[in-house]
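Coordinate inspection notes
Below are the chains, spelled out letter by letter.
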Amino acid sequence: MSGGGEIDVKLPEEDEERRRQRKLEEALEVKSLRRIISAYLNYPEAAEEDVKRYEQSFRKLPPSHKALLSHYPLKFKKLRRCISMNSYFIFAMLQAFDPPLDMSQDMDICVDSHVSHTQYDNQSDGMNVCSGHSTSSSGRMCCSKADHANCNEQSKVVETANEMTTNEEEEAEGPIEYKTASCPGKLENREETNQSCSNDFTDSNGNASSPACDWLDPSIQLNVPLADVDKVRCIIRNIVRDWAAEGKTERDQCYKPILEELDALFPNRSKESPPACLVPGAGLGRLALEISRLGFISQGNEFSYYMMICSSFILNHTQTAGEWNIYPWIHSNCNSLSDSDQLRPVSIPDIHPASAGITEGFSMCGGDFVEVYSDPSQVGAWDAVVTCFFIDTAHNIVEYIEIISRILKDGGVWINLGPLLYHFADLYGQEDEMSIELSLEDVKRVALHYGFEFEKEKTIETTYTTNPRSMMQNRYFTAFWTMRKKSVTIVEQAAP
Ligand SMILES: C[S@@+](CC[C@H](N)C(=O)[O-])C[C@H]1O[C@@H](n2cnc3c(N)ncnc32)[C@H](O)[C@@H]1O
């Protein structure tokens, strides 16, 4: 007993070790989230650097050439205005974000260098944003390497749950909540805790004020590599894919066949007991939302904070369709048909998510698919699993297929659309990064082993986050299939 009358409790060594490890993991996750926020905040500066480079090149031109391009100074001015508008949107998004972690944590925590390096530093944004499917308009792969989710059970599961009644008469109008949940698959609800900050943003006209959220304070932001800021640019392109009228053609190519298939496979959906559908790697959430609109309990799973920050903003905080104008195509001068094409605004969102007729139980669950859905509570929990441009994000695709099979009910369906552009395929020099890269033939064979049988299979041609007006349009010939999980008895009979 200490002199002050307090009882000294000596924790068992193991508990203390576990507590220390948890604190360490949380501190690392805060660091990772801080880096992502910094990447978002670094966007204007990095974009300005690009414009300065364009200006430098322009200045080097001989006068006769300059005279031919006399409109260029005006273009640079317009570019700056577009950057400023994008930055305004980004800042509003950050202000609305309610970090699921205590961002005030002491970041000087002594981090074990091995743990730090192998588990976190290489993945310090926690996530892959464009996941290898996105190409910049210059043709380079954009954000092609996946970073792991920094997921632990306490803090890595972030759910957005829509707990509003959404029948025809009473459409959802209120905010969709963000919350941390300890039990990922459960579609829990809780009181609104989202506290938006009242920070103002320095816009292009110099109207400035200091941030009210401590975690947005510029003085604690990190200087991040340009590659991180590139991920922010990728997110902007993903916004077009999911939430702009311009992305409709791409959504019709990728999401429509999936939605039609779900609609046909679950013809007698009841409001009282809707079928449950999981969308791993849900990106910015449009597919999961459309599935919810179809009358499913829909859960998107996503491990990228880049994505989650943005999807939360669009799902929870947009007030009306067309509320924002962004300029997604300004970051590349390549393959542009005209300056006005490059500088065109894109209005988002194309629909107001909160009044889009969502089925009760719609949620976004943050965390690594493997970690979250390996939980025993997930066994046989889902009527359908939908993977769109997702299965090739795996270190071990066999593990993904095994989990998909395990979490489906007997007779449940797995609908897939996507290529096999394995995200970890080219991680040269990082020997401990595992990557199993199966051919489509082998993927199908593994699926059969885990009790699936094919109901439908075809190839669908599509783009991914492509500028529809670019002179370069990368196309994928994606594998689309519907597989059904055979009932256990059939699987057992089939086993040798
Ligand atoms: C290529 S994107 C596709 C996004 C969306 N399905 C679409 O079609 O637009 C792949 C997504 O999977 C996410 N992702 C990758 N690995 C993941 C994992 N292990 N668990 C959860 N999400 C993951 C990435 O962050 C990314 O948002």
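Residues numbered from 1 in each chain as written. Predicted model: local features only at pLDDT ≥ 70, side-chain atom pairs only at ≥ 80, totals over all residues.

Along the backbone of the chain there are 13 helices and 11 strands. Taken over 496 residues, the chain has a buried fraction of 41%. Counting contacts in the chain only where the partners sit at least 6 residues apart, residues at least 24 apart contribute 76% of the total. (Helix = DSSP H or I, 4+ residues; strand = E, 2+ residues; numbered from the N terminus. Buried ≥ 20, exposed ≤ 12 C-beta atoms within 10 Å, placed from the backbone. Contact = placed C-beta atoms within 7 Å.)

In this section: unusual backbone geometry. With omega at -10°, the peptide bond leading from isoleucine 348 into proline 349 counts as cis. For proline 349, the location among the structural elements is in the loop between strand E6 (346-348) and strand E7 (363-366). Within the chain, phenylalanine 389 stands out as a residue other than glycine whose phi angle is a positive 50°. Here phenylalanine 389 shows up in the loop between strand E8 (382-388) and helix H11 (397-407).

All right, on to the packing of helix H6 (residues 248-265) against helix H7 (residues 286-293) then. Across the interface, H6 lies against H7 with an axial gap of 11 Å and an inter-helix angle of 35°. Considering how the two elements wind past one another, H6 and H7 form a crossing that is right-handed. Each of Arg251, Tyr255, Ile258, Leu259 and Leu262 in H6 lies in contact with H7, whose residues at this interface are Arg286, Leu287, Glu290 and Ile291. Looking at side-chain class alone, the contact of H6 with H7 contains six nonpolar, no polar and three charged residues. (Axes fitted to C-alpha atoms, helices over the stretch in contact; angles between N-to-C directions. Left-handed = near helix turned anticlockwise from the far one by under 90°. Nonpolar A, V, L, I, M, F, W, Y, C, P; charged D, E, K, R; others polar.)

For the chain, per-residue confidence averages 80 on the pLDDT scale, and 73% of positions sit at 70 or higher. For the chain, helix H4 (residues 113-120) is the element with the lowest average pLDDT, namely 29, and E8 is the one with the highest, namely 99. Here residues 134-196 is modelled with pLDDT under 50, and outside its nearest four sequence neighbours on either side it reaches 171 contacts, counting other chains as well. Every residue in residues 198-210 is under pLDDT 50, and counting partners more than four places away or in other chains gives 17 contacts. (pLDDT = per-residue confidence, 0-100.)

The next point concerns the nonpolar core. Within the largest apolar cluster, 93 residues are counted, with the highest numbers of intra-cluster contacts made by Ile239 and Val386. In terms of residues, this core owes the most to one element, helix H1 (residues 13-59), which gives 11 residues. (Core = buried A, V, L, I, M, F, W, Y, C linked by C-beta atoms within 7 Å.)

Here the focus is the environment of tyrosine 450. With respect to the helices, strands and loops of the structure, tyrosine 450 is situated in the loop between helix H12 (440-449) and strand E10 (452-462). Accessibility expressed as a C-beta count within 10 Å gives 19 for tyrosine 450, which makes it partly exposed. Sequence-wise, tyrosine 450 and glutamate 402 are 48 residues apart; in three dimensions their C-alpha atoms are separated by 6.3 Å. Contact partners of tyrosine 450, with chain neighbours within four places excluded, come to Ile401, Glu402 and Ser405.

Next up on the list: helix H3 (residues 72-96). The end-to-end C-alpha separation of H3 is 36 Å, in line with the 36 Å expected for 25 residues at 1.5 Å each. Considered for burial, the residues of H3 that qualify are Leu79, Cys82, Ile83, Asn86, Ser87, Phe89, Ile90, Phe91 and Leu94. (Expected span 1.5 Å × (residues − 1).)

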